[in-house]
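# Coordinates in review
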Amino acid sequence: MSRSFEISLSPASTPELNISNLTSNLITYARDELTKNLVIFIGKIYYQDELKTIYPEAFREKTNPEASIALAIYQQKGIEGLQDLEGEFALVIFDRQKSSLIALRDPIGSYPLYWTFDKHTIRISSDLQHLARQKKAKINRDFLASFLMFPFAFVELPREETAFEGIQRLSPGSCGEFSPPNLVQKHWTCNWEEKIAPISHLTLAAAAQQFRQIFQRSISERCLEGKVASHLSGGMDSSSIVCLARESIGERKLLTLSLVYQMPSLVKETDYINLILQQKAAIEPYFLDGDQLLDFDWFSDRIPPHDEPYPGLFHLAMEKILVDRAAELGVNTILSGGGAELVLESNRYHLADLLHQGQWQETLQLARRWAKTKNESLWSILAELAIFPLLPAFLKPGIATFWRRGYGTWPKLSEFAIPPWIKADFAQEYQVYPKALATLGHIYRYPVELSFNRLGLQTAIGNWANWYLANPAGMRISQPFLDPRVICYCLGLPRQFREVPGMVKPLLQSALQGILPEAIRTRRFKANFNAVYWQGLSRRLTQLETMVEESAIEDLGIFDKTRLIEVLRQHSLGIGDVKSGSRISSSLAVIAWFDRLSQT
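Read on for a plain summary of the structure. The numbers attached to residues start from 1 for each chain and follow its sequence in the written order. Totals for whole chains, interfaces and linings use all residues, but because this is a predicted model, local features are given only for residues with pLDDT of at least 70 and pairs of side-chain atoms are given and counted only at 80 or more. Hydrogen atoms and water are omitted, and side-chain values are computed over all heavy atoms in the structure.

Once that is clear, we can look at the overall build of the protein chain. Each helix corresponds to a stretch of at least 4 residues labelled H or I by DSSP, and each strand to a stretch of at least 2 residues labelled E; elements are numbered beginning at the N terminus. A tally of regular secondary structure across the protein chain gives 25 helices and 16 strands. Its C-alpha atoms give the protein chain a radius of gyration of 24 Å, near enough to 25 Å, the size a compact globule of 600 residues would have. Taken along the three principal axes of its C-alpha coordinates, the protein chain extends 70 × 60 × 50 Å. The buried label goes to any residue with under 20% of its type's maximum accessible area, the exposed label to any with over 50%, and the partly exposed label to all in between, with areas taken from a 1.4 Å probe on protein chains only. The buried share among the 600 residues of the protein chain stands at 58%. Residue contacts are defined here by distance: any two heavy atoms, one from each residue, within 4.5 Å place the two residues in contact. Put simply, 70% of the contacts in the protein chain that link residues at least 6 apart link residues at least 24 apart. Here the protein chain has roughly 25,600 Å² of accessible surface; of this, 51% comes from carbon and sulfur atoms. Note that His is not counted, nor are the chain ends; the positive residues are Lys and Arg, and the negative ones are Asp and Glu. Just so you know, the charge point we use is NZ for Lys, CZ for Arg, CG for Asp and CD for Glu. Taking the average place of the 64 positive charges on the side chains of the protein chain and the average place of its 65 negative ones, the gap between the two points comes to 2 Å. With the radius of gyration taken over C-alpha atoms, the globule rule is written as 2.2 Å times the number of residues to the power 0.38. Accessible surface area values rest on a Shrake-Rupley calculation with a 1.4 Å probe, where residue burial reflects the displayed protein chains alone.

And the structure:
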């Protein structure tokens, strides 16, 4: 069942509101009979006890739907008051007096909003494809070119253009005001660099204590009502959430959802899961057989409709089974450990900054420490983290790639080279290689460490499984590590609290001492899911080939199907690493999205 909404407004008219399921606890609606203002709200507002002290009028009723709170705050303080809202949400307000729509998304983009002007009417919706059908919008091939050349994991491409021409996205953390026939005013956009204030004069122990209080509060805000489940993998991130959530949930039981495996590379992860469950706590565990939930398992369960291509689609089976089981259990909220790496680990690119500043000795000293810790050569550390970031953008993909006008060769395919299955006419018309070079110049801009922090925040935006899997089932997936309070605190700390060679996530380790089992708290390595990837690709190879062959996507002129299938077959035999294979996965995701689009 879809849970989405659309609101449209024409000059000198009342807004037309279309909500597919107003009874959903995810979507609330409020209207003031005196001012005729209204608000449509999806998601949750956190830290409401603090809002009560500032806006007591917004909490006069015993039950306070999120929409009513937002409307009361807006009517008391206007657009400025909306900056006080914290949570995971998107909202649209109709201001009768101004005859305008005000739209806002939270800074981590938990829910999408899209907008378009169509025949002097502004339309804002949480459903991009619904707007595209109304507008009869064409697929934006320039967007697809950017999608295919963005080499990092992401949910929402960091640009306002969408996969359909003439339709824009509202950026996360942005507030925009829209007045027909075609007036757009941006009031603010979240600036993380302004929000993150440097924190100094703390010991690691003191910083860990403060972090635990902030993180505990982040989890508690997400456990206030309903039945709560938490993904438990046995890693430090998910285990930390489980241990702190069980302290926040009161007399209710916390459900845990765990994938368990018999395959050799992952079988021992169950032992770590059991260490958490053996602690005396009100936990109700559920185990799911992970051995059959391999990557690229798209064909036994239909791929859900989704607005834009999703590069992580190959993980669909794993994400879907957790949500499906939670829905069967009547869960309202699923807690996830997503985002922990962003806030708790350094990107180590300060080595490039030190080298840029001419501090050779300190660069070498730090590189030697990392080389020893990671059991790698000194040269490999220097090449990756110090020298490569400082190369001119056109040299980063390699001299040979430059001479081939941006094309890479399989299987040693640079992250920023054009895959050989992308047609030359498409690459030239949509400036595919210049897009890659522009991305390179942006993310490796000095200071490189800060640029990569910015990239991490951009790629952490959005929650695909929340919107397309949990939301239709009336649930939400929440990520406590990505609470803006947690983000700002952790990224404001000195680097050494997030970077200690040989110690994984030192801040989290210190904060959870005495709470996490020691075997989990101090573990240095966690099993990877390469076997799930390779076995899944091999098992579904024939169906993936058929999908490529039969797809009508050739009408867009993007892919050389024969070359893509040839490379896909080679990759299924282990040729090319997973990083190079991600370029294949992105191409398959575009094809799967296009085929699913043609079915609706």
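What follows deals with the sheet that holds strand S14 (residues 283-289). DSSP bridges decide pairing: two strands pair if at least two such bridges lie between them. An order of S14-S13-S12-S15-S16 is seen for the five strands of this open sheet, with the pairing classed as parallel. Looking along the sheet, the strands with just one partner apiece sit at the ends: S14 and strand S16 (476-478). Neighbour to neighbour, the strand axes of the sheet diverge by 25 degrees on average, direction disregarded. As paired elements, strand S12 (residues 228-231) and strand S15 (residues 333-335) share three bridges and run parallel to each other. Residue Ala 229 lies in a different strand from S15, and its bridge partner there is Ile 334. All axes are obtained by fitting lines to C-alpha atoms, using only the stretch in contact for helices, and the reported angles, taken between N-to-C directions, cover 0 to 180 degrees. Here helix H9 (residues 316-328) sits on the sheet in contact with S12, strand S13 (254-260), S14, S15 and S16, set at roughly 145 degrees to S13.

Side chains that differ in charge, positive against negative, can pair when their charged atoms come close. Between Lys or Arg on one side and Asp or Glu on the other, a salt bridge is scored when a side-chain nitrogen of the former is within 4 Å of a carboxyl oxygen of the latter. Tallied over the entire structure, the rule returns 38 salt bridges. For Asp 483, the salt bridge identified is with Arg 222, shortest N-O distance 3.1 Å. Linking Asp 483 in the loop between S16 and helix H19 (484-492) with Arg 222 in the loop between helix H6 (204-221) and S12, this pair joins segments that are 261 residues apart in sequence. A residue is classified by how much of its surface remains accessible, and Arg 222, at 1% relative accessible area, is buried. The shortest N-O distance in the salt bridge between Arg 523 and Glu 269 comes to 3.0 Å. Here the residue Arg 523 occupies a position in the loop between helix H21 (518-521) and helix H22 (530-539), and Glu 269 occupies one in helix H8 (residues 269-277), the gap between them amounting to 254 residues.

Residues form patches when they are more than 30% accessible in relative terms and have no salt bridge. Like charges link within 9 Å. Nonpolar side chains (Val, Leu, Ile, Met, Phe, Trp, Tyr) link within 5 Å. A surface patch of nonpolar side chains, about 450 Å² in accessible area, is lined by Phe 394, Ile 399, Phe 402 and Trp 403. Mapped onto the elements, Phe 394 comes out in the loop between helix H13 (378-387) and helix H14 (399-403). A relative accessible area of 36% means that Phe 394 is categorised as partly exposed.

For the rest of this paragraph, the subject is the pairing of S12. Looking at chain direction, S12 and S13 are connected through three bridges and run parallel. Bridging from a neighbouring strand, His 231 pairs with Leu 257 of S13. For the handedness criterion, the β-α-β arrangement of S12, helix H7 (residues 236-248) and S13 is classed as right-handed. Clockwise travel from the first strand over the helix to the second, with the strands pointing away from the viewer, marks a crossover as right-handed.

The subject of this paragraph is H7. Under the 1.5 Å per step criterion, the end-to-end length of H7 is 18 Å for 13 residues, consistent within 8% with the ideal 18 Å. Taken across its 13 residues, H7 has 12 buried, putting it largely inside the fold. Residues of H7 that are buried: Met 236, Asp 237, Ser 238, Ser 239, Ser 240, Ile 241, Val 242, Cys 243, Leu 244, Ala 245, Arg 246 and Ser 248. In this scheme, a helix's expected span is set at 1.5 Å multiplied by one less than its residue total.

So, about the packing of aromatic side chains. Note on aromatic contacts: the rings of Phe and Tyr and the six-membered ring of Trp form a pair at centre separations within 6.5 Å, being stacked when their planes are under 30 degrees apart, edge-to-face when over 60 apart, and tilted otherwise. Counted under the stated rule, the structure contains 30 aromatic pairs. For the ring pair Trp 298 and Phe 299, a centre distance of 6.3 Å and an interplane angle of 45 degrees mean the geometry is tilted. Pairing Phe 394 with Phe 402 gives two aromatic rings, centres 5.2 Å apart and planes at 55 degrees, and the pair type is tilted. An aromatic cluster of at least three residues, connected via ring pairs, comprises Phe 147, Phe 150, Phe 152, Phe 154, Tyr 349, Phe 388, Phe 416, Tyr 444 and Phe 452. Placement of a positive charge over a ring is assigned whenever Lys NZ or Arg CZ falls within 6 Å of the ring centre and within 35 degrees of the normal to the ring plane. The ring of Phe 388 has Lys 396 sitting right over it, with the charged end atom 5.9 Å from the ring centre.

Look at H22 against helix H25 (residues 578-599): their axes get within 13 Å of each other, and the N-to-C directions meet at 45 degrees. Classified by the angle between their axes, H22 and H25 sit oblique to one another. Along this stretch, H22 crosses H25, giving a crossing that reads as left-handed. In contact with Asn 530, Tyr 533 and Trp 534 of H22, H25 contributes Val 578, Gly 581 and Ser 585. Across the contact of H22 with H25, the residue classes break down as three nonpolar, three polar and no charged. For classification, angles of less than 35 degrees are called roughly parallel, those exceeding 145 degrees roughly antiparallel, those between 65 and 115 degrees roughly perpendicular, and all remaining angles oblique. Handedness of a crossing follows from how the near helix is turned relative to the far one, being left-handed for an anticlockwise turn of less than a right angle and right-handed for a clockwise one. Asp, Glu, Lys and Arg are counted as charged, while Ala, Val, Leu, Ile, Met, Phe, Trp, Tyr, Cys and Pro are counted as nonpolar; the rest, among them Gly, fall into the polar class.

Attention shifts here to the environment of Gln 209. Within the fold, Gln 209 resides in helix H6. Through-space distance from the C-alpha of Gln 209 to that of Leu 507 is 9.1 Å; in sequence the pair is 298 residues apart.

One ladder, built from six bridges, connects strand S10 (residues 174-179) with strand S11 (residues 183-189); its direction is antiparallel. The partner of Gly 176 across the bridge, within S11, is Lys 186. Remark: three residues form the turn of the hairpin made by S10 and S11, two consecutive strands paired antiparallel.

On to the environment of Leu 507, then. Mapping Leu 507 onto the fold places it in helix H20 (residues 506-511). Relative accessible area serves as the criterion here: at 0%, Leu 507 is assigned to the buried category. Residues Leu 507 and Val 343, 164 residues apart in the sequence, show an inter-C-alpha distance of 9.8 Å. Contact partners of Leu 507, with chain neighbours within four places excluded, come to Leu 204, Ala 207, Ala 208, Phe 211, Leu 344, Cys 490, Leu 493 and Phe 497.

Strand order in the open sheet formed by six strands is S3-S4-S5-S6-S10-S11, with antiparallel pairing between adjacent strands. Each end of this open sheet is capped by a strand with a single partner; those strands are strand S3 (27-31) and S11. Shown here is a sheet whose adjacent strand axes are inclined to one another by a mean of 20 degrees, direction ignored. Bridge analysis of strand S5 (residues 86-95) against strand S6 (residues 100-105) gives six bridges, and the strand direction is antiparallel. In the strand pairing of S6, Leu 91 is matched with Leu 104. Contacting S3, strand S4 (38-46), S5 and S6, helix H2 (residues 66-77) runs over the sheet at an angle of about 110 degrees to S4.

Put simply, a nonpolar core is a bunch of buried Ala, Val, Leu, Ile, Met, Phe, Trp, Tyr and Cys residues held in one set by side-chain atoms that sit within 4.5 Å of each other. The biggest cluster of nonpolar side chains holds 131 residues, and the ones touching the most others in it are Ile 124, Phe 164, Trp 298 and Ile 422. Sorting elements by how many residues they give to this core places H25 first, with nine residues. Judged by nonpolar contacts, the second largest core, of 48 residues, contains Ile 108, Leu 507, Ile 515 and Ile 520.

This paragraph deals with the side chain of Lys 435. Counting through the fold element by element, Lys 435 comes out in helix H16 (residues 432-443). If sequence neighbours within four positions are ignored, Lys 435 has contacts with Asp 142, Ala 145, Ser 146, Arg 159 and Tyr 430.

Treat this as a map of the structure, not an account of what it does.
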